[in-house]
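Residues per chain are reported as follows:
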Amino acid sequence: MASPSLMDTLFQRTLDDIIKGLRHQQAGESAFISKVVEEIRREIKSTDLHTKSIALQKLTYLNSIYFIDMSWAAFHAIECISSPNFSHKKVGYLAISMSFNESTSVILLITNQLRKDLKSNNEFEVSLALDCLSRIGTADLCRDLTPEVFTLLSSSKVFVRKKAIGVVLRVFGKYPDAVRVCFKRLVECLDGTDPQIVSAVVGVFCELASKDPRSYLPLAPEFYRILVDSRNNWVLIKVLKIFAKLAPLEPRLAKRVVEPICEHMRRTGAKSLMFECIRTVVTSFTDYESAVKLSVAKIRDFLVDDDPNLKYLGLHALSIIAPNHLWAVLENKEVVIKSLSDDDPNVKLESLRLVVAMVSESNVVEICRVLVNYSLKSDPEFCNEILGSILSKCCQNVYEIIVDFDWYVSLLGEMSRIPHCQKGEEIENQLIDIGMRVKDVRPELVRVGRDLLIDPALLGNSFLHRILSAAAWVCGEYVEFSRKPVELVEALLQPRTSLLPPSIRTVYIQSAFKILIFCLHSYLLQRENIADDMASEMLGLKSQGECSGSSALVAGKAPARQEQDEGFNPRDSNKSYEDLSIINEGDVSALLEKGFTHESIVNLLNLIELALGPLSGSPDVEVQERSKNVLGFVDLIKQEISNGFVSERASKIIDMVHDAFTEELGPVSVNAQEKVPIPDGLMLKESLADLDAICGNVQLPSSISFSMGSPFGESVGASVSIPQSKEESEPSSESTSLLAEHRKRHGLYYLPSEKNETLANDYPPANDPKSSDNTNDDAQDLVKLADKSLLPKRRSNHAKPRPVVVKLDEGDVVPFIAKKSDTRDDLLSDAVRDILLGVEKPDLGNPSSRRSKHRSHGKEKSRKSPEKKNSDEIGDGEKEKQKSRHRHGRHKTKQRAEGPLNVAAQTPVIPDFLL
């Protein structure tokens, strides 16, 4: 058995050989790795620990670089750590640290070996064991090895003691009861003189306090002493982080800590410590005006620095202070605006957040104009960051800062046309939400939707499909505010809509159906009103008849603005009529008569039939079903309308469908589903994993032939080109002639075939050098515009009043669900609180307790001379240093004699001499 091991040792490839072999592999690297893994599997079974350790070393390297599974070698790693050779032990511990986890079956086998190494006289072996425990420590391992860790906390070797302090954090997290054993000794390390030990223990307390700071309030005097006396920047940064957590819990503590922090800001030259002082003040000490002003002055130094990292930190500090002290941002608005053109993307993002933070009800229009202009010349990524910031800011608290909704809706339409815009989903949601909440803005909403629908160039942009879906829905839902409803139908059914995904086309078809119903219903109302007007004139009751006709119009949602549409030519935009409210009463009946004629209705029905005919054979189920429904309705109406006569049956059908569409839609609470009671007998399962077993044999058709998406649920990244059906791709000769005639009549909706012609788009492409004159290329122009927009303005007396915005009592905001704290964190906090209660309020009669004397000394001093309270406060730096040195000497002399501390259940309190 010895010869194979000897042969393996003599001809075994080392890790250097493997690395050189990988570098020389021009192709077939995976084959080489597979060959090496097979060699490792054979070598690692050797009884020679040297051969085994080299094989394990190679496997560890392949795992770290190529993610080769090494869980199968867990037992071999345990064999290596049991070797007396340090090099073998080091390889084994490295492999264990990288591959072991709580589910590793052999993890309990290393408990005794870890205990043995933790008790070793070789500090490097102890270090390996501590490092391994800090990485893979489970609840069982931490429980069994707590005594050894406790012993190492008082080790005379600084290297070992420092690592033991770091391991305590893992031990406390996995085994909270270890607090009762190790916490007192951990607190004692705060009084140590070695900077490495103090640095390590402060780091541990910083992590512990971040989870539950209230439990560590009694240790505030120790942290305060370190804050005043320490000159180690790293330690001071950690202490500042601790006080940032403790100060909000105890306002009296903030009063004592703020002055030393300001002193550090005035004195230090380290940028890291300076920034931490600033962040501590702007997050937890915002009530102290002098400290805030000092912080803002120091932030200014960061902002004007040439280093982009320091500039970013300054902007980040401003973004933290902005919610409570916006004046600090306004004082530095020039630097903030200029940072929008910085080369560093992080600096640009922080400056954008600050610009958005300056937005208010009075300047939202001007600042949004600045940002939109800047987005036109920005790269695609930052352009969408700007647009997303505008959208999120303007919709806060149900559009709280928006006064002029007509402006905001037109802004949404303008943002949709920005070349790099990819915020289709957000704009879609806001267009629909505003339409349902704000009634007064619906005419402008329909106008913006119409402008988006009639532009065929927008149909080829996949990022705008969601916006076009919202525009189609808005135009169909609020068609009564449209001046040209037939133009909307032509835009919704133009040939280039074949570029849209099926889910968007279904919305187009449904909106065209709504508009058709509106036109038919308006045509019926016109006939009734004309007859009523003629009868009224004959009876001399003209005014009374006009009033009844107007009321009928209101009840039937007749169009407020209409246009004579004999040929339905969308190019003929000069033939428009004014609002009914400014037309003479005698002209109402004449206007209604010109609005829709029998010929125009028949042409509209023929247009819909021609456009939706090919879609009745669409491979998408939703498109096919909706188109067939509309075609069936059109066929029914055409049979009932002849020679200008509308049958009673057709009138009833139109009225019924119109009544269904006129039901107004409103916003729905996000908590609406929770209010629906669960029906009796319905069993709701938390997991739907069994659906695979139920539907395992069901084969769903491909997404090309079947779509499960809802009209508003299609993702933006849908395919641009949709496969057409045979009827669409190979139209008959009759269809070809009709399409040619349609193209001749409505050339507006067809893209030009010549290459030298440009697309119909009024907005220049971003970063186009030719369009540089139309945008603010210089940051100075942005600053000037921002200066004007940020000046307080008086609202004019004749300003348009803010329309009513429908708000729900509850449900407009997504409910916040508090995260349940981990049980281990609760146990850890309880244990720490119990221990600290005993530390801070021990039995005064126990002479062996160093902390007992320390605390009682402070309290007796405060009781003996209450009238000297002001003179004894820690604000006096020289007296505090003397007192700190005095305490320090007493701790040193009695450190060896101290015994176990008493634990008493008392209220957590900070000693009065600090407060």
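Small disclaimer: the values here were computed from a predicted structure and weren't measured.

Draft legend 1. Expanded view of the environment of E263. Relative to the elements of secondary structure, E263 occurs in helix α15 (residues 251–267). A relative accessible area of 37% places E263 in the partly exposed class. On a C-alpha basis, the gap between E263 and C277 in space is 9.7 Å, while along the polypeptide they are 14 residues apart.

Draft legend 2. Expanded view of the packing of helix α9 (residues 139–152) against helix α10 (residues 158–174). In contact at an axis separation of 10 Å, α9 and α10 are set at 150° when each is read in the N-to-C sense. The angle between α9 and α10 places the two elements in the roughly antiparallel class. As for the relative orientation of α9 and α10, their crossing is left-handed in sense. Along the contact surface, α9 presents A139, C142, T146, V149 and L152, while α10 presents V160, R161, A164, V167, V168, R170, V171 and K174.

Draft legend 3. Focus on the packing of aromatic side chains. Taken as a whole and assessed by the stated rule, the structure comprises 15 aromatic pairs. Arranged with centres 6.4 Å apart and planes meeting at 50°, the rings of F285 and Y288 form a pair that is tilted. Looking at F285, the relative accessible area reads 1%, which means it is buried. Given the relative accessible area of 25%, Y288 is considered partly exposed. In textbook terms, an aromatic cluster arises when at least three aromatic residues are bridged by ring pairs, as seen for F172, F183, F205, Y216 and F223. The cationic tip of R185 hangs over the ring face of F150; the distance from NZ or CZ to the ring centre is 3.9 Å. The ring centre of F382 lies 4.7 Å from the NZ or CZ of K348, which sits over that ring.

Draft legend 4. Representation of α9 in the model. Here α9 spans 19 Å end to end across 14 residues, near enough to the 20 Å set by a 1.5 Å rise per residue. Along α9, the sharpest kink reaches roughly 55°, centred on L145 and followed within four residues by the proline P147. For α9, every residue scored as buried is listed here: L141, C142, L145, T146, E148, V149 and L152. The secondary structure elements touched by the buried residues of α9 are α7 (111–118), α8 (123–136), α10 and α11 (179–188).

Draft legend 5. Geometry of the pattern of salt bridges. Inspection of the entire model under this criterion finds 40 salt bridges. The salt bridge involving R135 is made with D131; its shortest N-O contact spans 3.3 Å. Pair noted here: R135 and D131 are both in helix α8, with a separation of four residues, about one helical turn. When its relative accessible area of 28% is taken as the criterion, D131 is described as partly exposed. Between E487 and R450 there is a salt bridge, with its nearest N and O atoms 3.0 Å apart. Of this pair, E487 sits in helix α28 (residues 485–492) while R450 sits in helix α26 (residues 442–453), and the two are 37 residues apart along the sequence. When its relative accessible area of 5% is taken as the criterion, E487 is described as buried. The class of R450 is partly exposed, set by a relative accessible area of 24%. Three or more residues are tied together by salt bridges with common partners; here these are E444, R447, R450, D451 and E487.

Draft legend 6. The arrangement of helix α23 (residues 380–394) in detail. Between the first and last C-alpha of α23 there are 21 Å, a value that for 15 residues agrees with the 21 Å anticipated at 1.5 Å per step. Three or more residues of α23 are buried, namely F382, C383, N384, I386, L387, S389, I390, L391, K393 and C394. For α23, the secondary structure elements touched by its buried residues are α21 (345–357), α22 (364–376), α24 (405–416) and α25 (424–437).

Draft legend 7. Region of the structure containing a nonpolar patch on the surface. A cluster of nonpolar side chains, F86, F124 and F159, forms an exposed patch at the surface whose accessible area comes to about 270 Å². Tracing the sequence through the fold places F124 in helix α8. By relative accessible area, F124 is classed as partly exposed at 48%.

Draft legend 8. Geometry of the side chain of H264. On the secondary structure map, H264 appears in helix α15. Within the local environment of H264, its side chain forms a polar contact with the backbone oxygen of L227, the two atoms lying 2.9 Å apart. When sequence neighbours within four positions are dropped, the list of residues in contact with H264 reads L227, S230, L236 and C277.

Draft legend 9. Examining the packing of α22 against α23 more closely. Interaxial distance between α22 and α23 falls to 9 Å at its minimum, and their mutual angle equals 160°. Taken together, α22 and α23 sit at an angle that is classed as roughly antiparallel. Once α22 is placed against α23, the crossing between them reads as left-handed. Of the residues in α23, those touching α22 at V364, C368, L371, V372, Y374 and S375 are F382, C383, I386, L387, I390 and C394.

Draft legend 10. Just the nonpolar core, in detail. In this structure, I110, F172, F183, F205 and Y408 are the most contacted members of the largest nonpolar core, which totals 225 residues. If you tally residues by element for this core, the top one is helix α29 (residues 502–539), at 14 residues. With near-sequence residues (within four places) excluded, F205 lies in contact with F183, L186, V187, L190, Y216, L219, F223 and I242.

Reading the values: the criteria
Numbering of residues starts from 1 in every chain and runs along the sequence as written. Two thresholds apply to this predicted model, a pLDDT of at least 70 for residue-level local features and 80 or more for giving and counting side-chain atom pairs, whereas whole-chain, interface and lining totals are computed over all residues. The basis for every side-chain value is the complete set of heavy atoms in the structure, and neither hydrogens nor water enter the calculation. Numbered from the N terminus, helices here are DSSP runs of H or I no shorter than four residues, and strands are runs of E no shorter than two. Categorising residues by exposure relies on relative accessible area from a 1.4 Å probe, with only protein chains included: less than 20% of the type maximum marks a residue as buried, more than 50% marks it as exposed, and the intermediate range marks it as partly exposed. Each axis is a line fitted through C-alpha atoms, and for a helix only the stretch in contact is used; angles between axes span 0 to 180 degrees, taken between their N-to-C directions. These descriptions rest on fixed angle ranges, namely under 35 degrees for roughly parallel, over 145 for roughly antiparallel, 65 to 115 for roughly perpendicular, and the rest for oblique. Note on convention: the crossing is left-handed when the near helix lies turned anticlockwise from the far helix by less than a right angle, right-handed when the turn is clockwise. In this description, contact between two residues means that some pair of their heavy atoms is separated by no more than 4.5 Å. Two rings from Phe, Tyr or Trp (for Trp, the six-membered ring) form a pair when their centres sit within 6.5 Å of each other. Planes less than 30 degrees apart are called stacked, planes more than 60 degrees apart edge-to-face, and all others tilted. A positively charged side chain is recorded as over a ring if its NZ (Lys) or CZ (Arg) lies within 6 Å of the ring centre. The angle to the ring normal must also be within 35 degrees. Under the convention used throughout, the expected extent of a helix is 1.5 Å for every residue step, that is, one less than its residue count. At every residue, the bend is computed as the angle between two fitted axes, covering the seven residues ending there and the seven beginning there respectively. By definition, a salt bridge exists where a carboxyl oxygen of Asp or Glu is found within 4 Å of a side-chain nitrogen of Lys or Arg. Patch rule: a residue counts if its relative accessible area is over 30% and it has no salt bridge; like charges are joined within 9 Å, and nonpolar side chains (Val, Leu, Ile, Met, Phe, Trp, Tyr) within 5 Å. Per-residue and other accessible areas were derived by the Shrake-Rupley procedure at a 1.4 Å probe size, with only the shown protein chains allowed to occlude residues. N or O atoms closer than or at 3.5 Å make up a polar contact, with two conditions inside protein: a donor-capable atom paired with an acceptor-capable one, and, for residues adjacent in sequence, both atoms drawn from side chains. Only buried residues count toward a nonpolar core. Its members are Ala, Val, Leu, Ile, Met, Phe, Trp, Tyr and Cys residues joined through side-chain atoms within 4.5 Å.

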